Amino acid sequence: MLRYWRAAVVALLPLAVYLLPREWIFSEEHPLCLIRNITGHECPGCGMTRALASLAYMDPVGAWHYNRAVVVVAPLLAYVWVRWVVRLVREASRR
């Protein structure tokens, strides 16, 4: 069972985002965007972290409000995440 620990950690990553305090993610005073913190300007990806967190909290309208590209990025991230977990499980089962 210990051979699946990597897959378990990766599978639980979205839960870690969900468990972060909402104030950390949705704070307007201290945005998570590194580009915005350094330059003071919004980049095309600004709001994506908040949009993805909104989806984690089952708020698609809020996600759309933060960044409309979330309708493309979220399914792609979900696909990559599932592929990653499946690959780790297959690698662990071969050992």
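### Looking at the overall build of the protein chain
- A count of helices and strands for the protein chain gives 7 helices and 0 strands.
- The order of helices and strands in the protein chain, counted from the N terminus, is α-α-α-α-α-α-α.
- Here the protein chain has a C-alpha radius of gyration of 16 Å; the compact-globule value for 95 residues is 12 Å, and the former is much larger.
- Each of the three principal axes of the protein chain carries a C-alpha extent, and together these read 50 × 25 × 25 Å.
- Residues counted as buried form 23% of the 95 residues belonging to the protein chain.
- In the protein chain, once contacts between residues fewer than 6 apart in sequence are set aside, the share between residues at least 24 apart is 47%.
- When the accessible surface of the protein chain is summed, it comes to about 7,300 Å², and 68% of that surface belongs to carbon and sulfur atoms.

### Overview of helix H7 (residues 70-94)
- Its 25 residues place the ends of H7 36 Å apart at the C-alpha level, agreeing with the 36 Å of an ideal helix rising 1.5 Å per residue.
- Taken together, the buried positions of H7 are Val70, Ala74, Val85, Leu88 and Ala92.
- Against the buried residues of H7 lie helix H1 (5-11), helix H5 (48-56) and helix H6 (60-66).

### Quick word on the pattern of salt bridges
- Enumeration over the complete set of coordinates arrives at 1 salt bridge.
- Here Arg87 ties to Glu91 by a salt bridge, and the two come within 3.0 Å at their closest N and O atoms. Of this pair, Arg87 and Glu91 both sit in helix H7, 4 residues apart, which is roughly one turn of that helix.

### Notes on the nonpolar core
- Core analysis: the biggest nonpolar cluster contains 5 residues, these being Met48, Ala51, Ala63, Val70 and Ala74.
- Elements with a minimum of two residues in this core: H5 and H7.

### Comments concerning empty space enclosed by the protein
- On inspection of all chains with the given rule, the structure shows 1 cavity of 30 Å³ or more.
- Taken as a whole, the largest cavity encloses approximately 60 Å³ of empty space.
- Residue lining of the largest cavity: Arg3, Trp5, Arg6, Ala7, Leu88, Glu91, Ala92 and Arg95, and that is the complete set.
- Broken down by class, the residue content of the lining of the largest cavity amounts to 4 nonpolar, no polar and 4 charged.

### Focus: the confidence of the model for the protein chain
- In this model, the protein chain carries an average pLDDT of 86, and 97% of its residues clear a pLDDT of 70 or more.
- Summarising per-element confidence for the protein chain, the mean pLDDT is lowest in helix H3 (residues 22-25) (79) and highest in H6 (94).

Definitions and cut-offs
- Residues numbered from 1 in each chain as written.
- Predicted model: local features only at pLDDT ≥ 70, side-chain atom pairs only at ≥ 80, totals over all residues.
- Heavy atoms only, no water.
- Helix = DSSP H or I, 4+ residues; strand = E, 2+ residues; numbered from the N terminus.
- Rg over C-alpha atoms; globule rule 2.2 N^0.38 Å.
- Buried < 20%, exposed > 50% of the residue type's maximum accessible area, 1.4 Å probe, protein only.
- Contact = heavy atoms within 4.5 Å.
- Areas by Shrake-Rupley, 256 points an atom, 1.4 Å probe, with all protein chains shown as cover.
- Expected span 1.5 Å × (residues − 1).
- Salt bridge = Lys/Arg side-chain N within 4 Å of Asp/Glu carboxyl O.
- Core = buried A, V, L, I, M, F, W, Y, C linked by side-chain atoms within 4.5 Å.
- 1 Å grid on protein atoms, 1.4 Å probe; cavity = no way out; pocket = protein on both sides within 12 Å on 5 of 7 lines; lining within 4 Å.
- Points joined across faces, edges and corners; volume = space filled by probe spheres on them.
- Nonpolar A, V, L, I, M, F, W, Y, C, P; charged D, E, K, R; others polar.
- pLDDT = per-residue confidence, 0-100.

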